[in-house]
Amino acid sequence: GENVEQHPSTLSVQEGDSAVIKCTYSDSASNYFPWYKQELGKRPQLIIDIRSNVGEKKDQRIAVTLNKTAKHFSLHITETQPEDSAVYFCAASNSGYALNFGKGTSLLVTP
Amino acid sequence: GAVVSQHPSRVICKSGTSVKIECRSLDFQATTMFWYRQFPKKSLMLMATSNEGSKATYEQGVEKDKFLINHASLTLSTLTVTSAHPEDSSFYICSARRSGQETQYFGPGTRLLVL
C-alpha cells in the first residue's frame, strides 16, 4: 500500500519568512496530492492540491510542487503570518481510493 | 460550497454503551464517505470507506463488528461504536467526496470520551 512520509514534524519560523514542508510517497500509481491545514480541535481544511499531470500550482502565498520521478511533493508558504500556525498534513491517493496521510507538521509562526 | 456536518460534536458515555455518530453532506451528494480516527497530536488514521448502498470497506485492524458503518443515503453516513470502552476514546472525523471527484471535505469531528 501507499506510504507517505512527511518532514519536518515541527517547524518554527519568524513572521515574514518562508516555510517549506516536504513529503514523499511510495506508490507510483498515486496521482492526487492534497494538503490540509488543521487548527487545534478543528477539522482539516483543504488549502491546495495538485494532480500528477501538473508540476507546480500556486494560490497566493501557497504553492505546491510535485516531482513524479522522485516521488516527492512540497508545500511552500511565503510571507508567513501568525495565523498560518497550525498542523499541516500532506496526503496521496490513487484516483477513487482513500487518502493516505503523512504524520503532519506542526508549524509555528512567531511574530 | 461543500459543507460536511457531524453530530454530535462531543459525547461522553459509560463503558459498555453504544454511540452513534452522524456525518452529513449538506450541499452535495456524497457517493463515498470516509471515517477517520485521530489521536492527540497524531495524524488521521483511516478506519473505513463507506459507499452509498453497499457495505463499508474496513482497514486492516479495524473491527467491523465494533465500528458499524451505514451509508444509507447520498448525504448520510453513520458510525456506531458498539460496546464502547475507554480505549475507544478519540476524535472521530468523517469526510465526504462527490462522485467522480477526488477532493475530500471533512466534517468538524466528534470527540468521544468513554468513562
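Definitions and limits used
- Residues numbered from 1 in each chain as written.
- Chains lettered and ligands numbered in written order.
- Predicted model: local features only at pLDDT ≥ 70, side-chain atom pairs only at ≥ 80, totals over all residues.
- Heavy atoms only, no water.
- Helix = DSSP H or I, 4+ residues; strand = E, 2+ residues; numbered from the N terminus.
- Buried < 20%, exposed > 50% of the residue type's maximum accessible area, 1.4 Å probe, protein only.
- Contact = heavy atoms within 4.5 Å.
- Areas by Shrake-Rupley, 256 points an atom, 1.4 Å probe, with all protein chains shown as cover.
- Salt bridge = Lys/Arg side-chain N within 4 Å of Asp/Glu carboxyl O.
- Pairing = 2+ DSSP bridges.
- Axes fitted to C-alpha atoms, helices over the stretch in contact; angles between N-to-C directions.
- Buried area = accessible area lost by both parts, 1.4 Å probe.
- Polar contact = N/O pair within 3.5 Å; in protein donor to acceptor, adjacent residues only side chain to side chain.

Scanning chain B for helices and strands turns up 0 helices and 11 strands. Counting helices and strands in the order they occur from the N terminus, chain B gives β-β-β-β-β-β-β-β-β-β-β. Referenced to the eigenvectors of the C-alpha coordinate spread, the extents of chain B come out at roughly 40 × 25 × 20 Å. Within chain B, the fraction of its 115 residues that count as buried is 50%. Of the contacts formed within chain B by residues at least 6 apart in sequence, a portion of 55% connects residues at least 24 apart. When the accessible surface of chain B is summed, it comes to about 5,700 Å², and 52% of that surface belongs to carbon and sulfur atoms.

Residues and elements named next belong to chain B. Residue position: Glu-52 is located in the loop between β5 (44–51) and β6 (57–58). Since its relative accessible area comes to 35%, Glu-52 is described here as partly exposed. When the C-alpha positions of Glu-52 and Leu-79 are compared, they lie 14 Å apart, and in sequence the two are 27 residues distant. Once residues within four sequence positions are removed from consideration, Glu-52 is found in contact with Thr-31, His-71, Ala-72, Ser-73 and Leu-74.

Another aspect to go through is the pattern of salt bridges. Going through the model one piece at a time under the given rule, you end up with 7 salt bridges over all chains. We note a salt bridge from Arg-51 of chain A to Asp-49 of chain A, for which the minimum N-O separation is 4.0 Å. Notably, a salt bridge pairs Asp-49 of chain A with Lys-57 of chain A, separated by 2.9 Å at the nearest N-O pair. Note on Asp-49 of chain A: relative accessible area 8%, which makes it buried. Relative accessible area serves as the criterion here: at 33%, Lys-57 of chain A is assigned to the partly exposed category. A network of salt bridges, in which partner residues are shared, links Asp-49, Arg-51 and Lys-57 of chain A together with Glu-102 of chain B.

This brings us to the sheet that holds strand β8 (residues 72–77) of chain A. Residues and elements named next belong to chain A. In spatial order, the strands read β1-β3-β8-β7-β6; together these 5 strands make up an open sheet with antiparallel pairing. In this open sheet, the two strands that pair with only one neighbour each are β1 (4–7) and β6 (56–59). Mean inter-strand twist for the sheet, computed between neighbouring axes without regard to direction, equals 15°. The pairing of β6 with strand β7 (residues 62–67) spans 4 bridges and is classified as antiparallel. Within the sheet, the bridge partner assigned to Asp-59 lies in β7 and is Ile-62.

At the interface, 20 residues of chain A touch 19 residues of chain B. Across the chain A to chain B interface the summed buried area is about 1,500 Å²; carbon plus sulfur atoms make up 52%. Taken as a group, Arg-43, Pro-44 and Phe-101 of chain A account for 33% of the area that chain A buries against chain B, more than any other trio of residues on that side. Across the chain A-chain B interface, the total number found is 1 salt bridge. The salt bridge partner of Glu-102 of chain B is Arg-51 of chain A, with a shortest N-O separation of 2.6 Å.

On to the environment of Tyr-32 of chain A. Residue position: Tyr-32 of chain A is located in strand β4 (residues 32–38). The spacing of Tyr-32 of chain A and Arg-51 of chain A is 19 residues in sequence and 4.6 Å in space, taken between C-alpha atoms. A polar contact of 3.3 Å, which involves the side chain of Tyr-32 of chain A, links it to the side chain of Thr-103 of chain B.

In this section: the side chain of Ser-95 of chain B. Residue and element names in this part refer to chain B. Within the secondary structure, Ser-95 is located in strand β9 (residues 90–98). On the basis of relative accessibility, which here comes to 0%, the residue Ser-95 falls in the buried class. At 2.6 Å, the side chain of Ser-95 forms a polar contact with the side chain of Gln-104.

Any link to function would need more than the numbers given here.
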